[in-house]
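Analysis of the macromolecular model
Each chain, letter by letter, is given below.
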Amino acid sequence: MVFSVVSCIRHIVDDFTVVTAFLFLFCTLSIGWIAIQFFGLFETYQDQENIPGNERAFPTTRRDERRAREIRAAEKDVNKMATMLSRQWTDIYEEWARRSAHDWKRQRGASAAQVSALEQVLGYVELPRDYKAFLHLVGGIEFFWNSGHRNILFHDLSKVSWKSTAVKQHAHLLVSSTIGAAALHDFLNELRYDNTAASLPLHLLQVESSLRIFLVDPAACQKVALFWWRVLHRSDLSEEVRRRAEQYWVDHFGSVCPLQAMMVWHNWVVLEVRKLSPMETRLYPSFTHFLDEVANREEVEGTPGWVPESGVVDEARLAADDRRRWEPVLRRYASSGL
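Numbering of residues starts from 1 in every chain and runs along the sequence as written. Owing to the predicted nature of the model, reporting of local features is limited to residues with pLDDT of at least 70; listing and counting of side-chain atom pairs is limited to 80 or more, with chain, interface and lining totals taken over all residues. Working from all heavy atoms in the structure, the side-chain values ignore hydrogens and water.

**Observations concerning helix 10 (residues 239–253)**
To be explicit about the condition: Working definition: helices are DSSP H or I runs of at least four residues, strands are E runs of at least two. Numbering for both runs from the N terminus. To estimate the expected span of a helix, count its residues, drop one, and scale the result by 1.5 Å.
Across its 15 residues, helix 10 extends 20 Å between first and last C-alpha, which sits within 8% of the 21 Å expected from 1.5 Å per residue. Note on helix 10: the residue one or two positions beyond its end, glycine 254, has a positive phi of about 100 degrees.

As structure tokens, this is what we get:
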């Protein structure tokens, strides 16, 4: 009987030891898991302090997916830009040549971090995707043949800025590209606007050395459009001047007035100043469209290095090219009711 009691007690103690050990292990693992979760949440909080506010509510996996999509989109933009650059004539060691898209992608341009830093320096702007792809591929070299101005020397990141002191009448240059220099001249004379009153203080992004090619941000487009759309509809403006402006935009843009679209514009455009006196400017829907025009000029106007004499460029061809580029872009504004 005594032996049975002792044996029973021994089994109970052994079972208690096992249970105790199991509970101790369980508690240890639980505390470890809680600690890992706590520090993980702390690190996630720190990460969210370094990302834009509109992304902080997303789980980490969704954030990663978004960043992956952005990387794929950037790679796609770079591939498209490399193909576009392969159409350009480049001045390599004073000889004209073309490089393949593969060669362009081997170039060492700006990194994504450097482009992001430039956007912050410019005032936390979002540069157009095609221009950012251009910066990734081109480090700022004199390489484009461009009839009329010969080479185009694009700036590297250190020189891209809002400053453009050599160009005084920024708003005039921009509106001239939408209604024509002749109509603008008649506007100013008929309404007796002086240069100060009719010139809005605009910043054009200077991207090359000759002060002829500018990137224009959406805010500048909206500012000019709102001002000049009101001028276009003033009661004291003659019908003749209004028809002249309308004929220009029909020839170059199609049925939709570009000023209408610009009032709700969200895109960067490219302004090309071909001549300051008399004022000749052209507007392109994007940086890619401008590069397309540069490549086409070589095919239409001559061989690399050839500079056409004044009046050689066919204005009708320029108008048709403008309309071909702009009509698809402006078509969605045709029924907007603006």
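**Observations concerning unusual backbone geometry**
Where we set the bar: Only protein chains enter the accessibility calculation, which uses a 1.4 Å probe; a residue whose area is less than 20% of its type maximum is buried, one above 50% is exposed, and one in between is partly exposed.
Phi angles above zero are rare outside glycine, and tyrosine 124 is one such case at about 55 degrees. Looking at the secondary structure, you find tyrosine 124 in the loop between helix 4 (112–121) and helix 5 (129–137). Of the residues examined, tyrosine 124 reaches a relative accessible area of 67% and is grouped as exposed. At leucine 211, a residue that is not glycine, the phi angle is positive and equals roughly 55 degrees. Mapped onto the secondary structure, leucine 211 falls in the loop between strand 5 (205–206) and strand 6 (213–216). Look at leucine 211 and you get buried, because its relative accessible area is 17%.

**Considerations on the layout of surface pockets**
In plain terms, the rule: As defined here, a cavity is a set of points on a 1 Å grid over the protein atoms alone where a 1.4 Å probe fits but cannot get out. A pocket is an open set with protein on both sides within 12 Å along at least five of seven lines, and residues line them when an atom is within 4 Å of a point. Grid points are joined across faces, edges and corners, and a volume is the space filled by probe spheres set on the points. Following the grouping adopted for this structure description, the nonpolar residues are Ala, Val, Leu, Ile, Met, Phe, Trp, Tyr, Cys and Pro, the charged ones are Asp, Glu, Lys and Arg, and the polar ones are all others, Gly among them.
The computed volume of the second largest pocket comes to approximately 400 Å³. Contributing to the lining of the second largest pocket are 19 residues, with Pro128, Arg129, Asp130, Ser286 and Thr288 lying nearest its centre. The greatest single-element share of the lining of the second largest pocket, amounting to five residues, is contributed by helix 2 (residues 60–85). Partitioning the lining of the second largest pocket into residue classes produces eight nonpolar, five polar and six charged.

**Notes on the pairing of strand 6**
What counts, and what does not: Strands are labelled as partners when DSSP assigns at least two bridges between them.
Side chains of strand 6 alternate between two faces, with Ile213 and Leu215 and Phe214 and Val216 buried alike. Taken together, the two bridges between strand 5 and strand 6 define a ladder with antiparallel strand orientation. The residue of strand 6 that forms the bridge with glutamine 206 is phenylalanine 214. Where strand 5 hands over to strand 6, the hairpin turn is made up of six residues, of which leucine 211 adopts a positive phi near 55 degrees.

**Points about the pattern of salt bridges**
How we decide: Salt bridges are counted wherever a side-chain nitrogen of Lys or Arg sits within 4 Å of a carboxyl oxygen of Asp or Glu.
A full pass over the atoms with the stated rule returns 17 salt bridges. Residue arginine 129 pairs with aspartate 77 through a salt bridge whose shortest N-O separation is 2.8 Å. Here arginine 129 is found in helix 5, whereas its partner aspartate 77 is found in helix 2, with 52 residues between them in sequence. Arginine 282 serves as the salt-bridge partner of aspartate 322, at 2.6 Å between the closest nitrogen and oxygen. Here arginine 282 lies in strand 8 (residues 279–284) and aspartate 322 lies in helix 13 (residues 315–330), a separation of 40 residues in the sequence. Using a relative accessible area of 4% as the deciding quantity, one classes arginine 282 as buried. Each of the salt bridges in this network shares a partner with another, and the network as a whole consists of Arg87, Arg282, Asp292, Glu293, Arg317, Asp321, Asp322, Arg324 and Arg325.

**As for the packing of helix 7 (residues 181–191) against helix 9 (residues 218–232)**
Quick reminder of the rule: Note on geometry: axes are lines fitted to C-alpha atoms, helical ones only across the stretch in contact, with angles between N-to-C directions running from 0 to 180 degrees. Left-handed describes a crossing whose near helix is turned anticlockwise from the far helix by less than a right angle; the clockwise case is right-handed. Should any heavy atoms of two residues lie within 4.5 Å, those residues are considered in contact.
At a minimum axis separation of 12 Å, helix 7 and helix 9 run at an interaxial angle of 65 degrees. In the packing of helix 7 onto helix 9, the handedness of the crossing is left-handed. Contacts between helix 7 and helix 9 involve Leu184, Phe187, Leu188 and Leu191 on the former and, on the latter, Trp228, Val231 and Leu232. Grouping the amino acids of the contact of helix 7 with helix 9 by side-chain chemistry returns seven nonpolar, no polar and no charged.

**Some words on helix 13**
Each full turn of the α-helix corresponds to 3.6 residues, which orients residues three or four apart in the same direction. Spelled out, the test is: Note on bend: the value at a residue is the angle between axes fitted to the seven residues ending there and to the seven starting there.
In this model helix 13 runs 21 Å from its N-terminal to its C-terminal C-alpha over 16 residues, within 8% of the 22 Å that 1.5 Å per residue would give. Along helix 13, the sharpest kink reaches roughly 25 degrees, centred on arginine 324 and followed within four residues by the proline proline 328. Along helix 13, the positions that sit buried rather than exposed are Arg317, Leu318, Ala319, Asp321, Asp322, Arg325, Trp326, Val329 and Leu330.

**Thoughts on the packing of aromatic side chains**
Let me state the cut-off plainly: Only centres within 6.5 Å qualify two rings of Phe, Tyr or Trp (six-membered ring in Trp) as a pair; their planes then separate them into stacked at under 30 degrees, edge-to-face at over 60, and tilted for everything else.
Summed over all chains, the structure comprises 12 aromatic pairs. Ring centres of phenylalanine 134 and phenylalanine 287 lie 5.0 Å apart, and the angle between their planes is 70 degrees; on these two criteria the pair is classed as edge-to-face. Of this pair, phenylalanine 134 sits in helix 5 while phenylalanine 287 sits in helix 12 (residues 287–301), and the two are 153 residues apart along the sequence. Classification of phenylalanine 287 as buried rests on a relative accessible area of 2%. Plain terms: the ring middles of phenylalanine 287 and phenylalanine 290 are 6.4 Å apart, the flat faces sit at 40 degrees to each other, and that makes the pair tilted. With phenylalanine 287 and phenylalanine 290 both in helix 12 and three residues apart, the pair spans about one turn of that helix. The burial state of phenylalanine 287 is the same as that of phenylalanine 290; both residues are buried. An aromatic cluster is built from Tyr131, Phe134, Phe154, Tyr284, Phe287 and Phe290, whose rings are joined through pairwise contacts.

**As for the side chain of aspartate 322**
We classify aspartate 322 as buried; its relative accessible area is 4%. With near-sequence residues (within four places) excluded, aspartate 322 lies in contact with His252 and Arg282.

**Re the nonpolar core**
The nonpolar side chains of a soluble globular protein tend to be buried with one another. This is how the line gets drawn: Nonpolar core, defined: a set of buried Ala, Val, Leu, Ile, Met, Phe, Trp, Tyr and Cys residues in which side-chain atoms within 4.5 Å join the residues together.
If you look at the biggest cluster of nonpolar residues, it comprises 43 residues, and the most contacted ones within it are Ile179, Phe187, Trp228 and Trp265. Looking at this core, the elements with two or more residues in it are helix 6 (170–179), helix 7, strand 6, helix 9, helix 10, helix 11 (258–262), strand 7 (269–276) and helix 13. In terms of residue count, the dominant contributor to this core is helix 9 (eight residues). The next biggest cluster of nonpolar side chains, apart from the first, holds 32 residues, and it includes Met81, Leu137, Ile152 and Phe290.

Geometric values such as these leave the question of function open.
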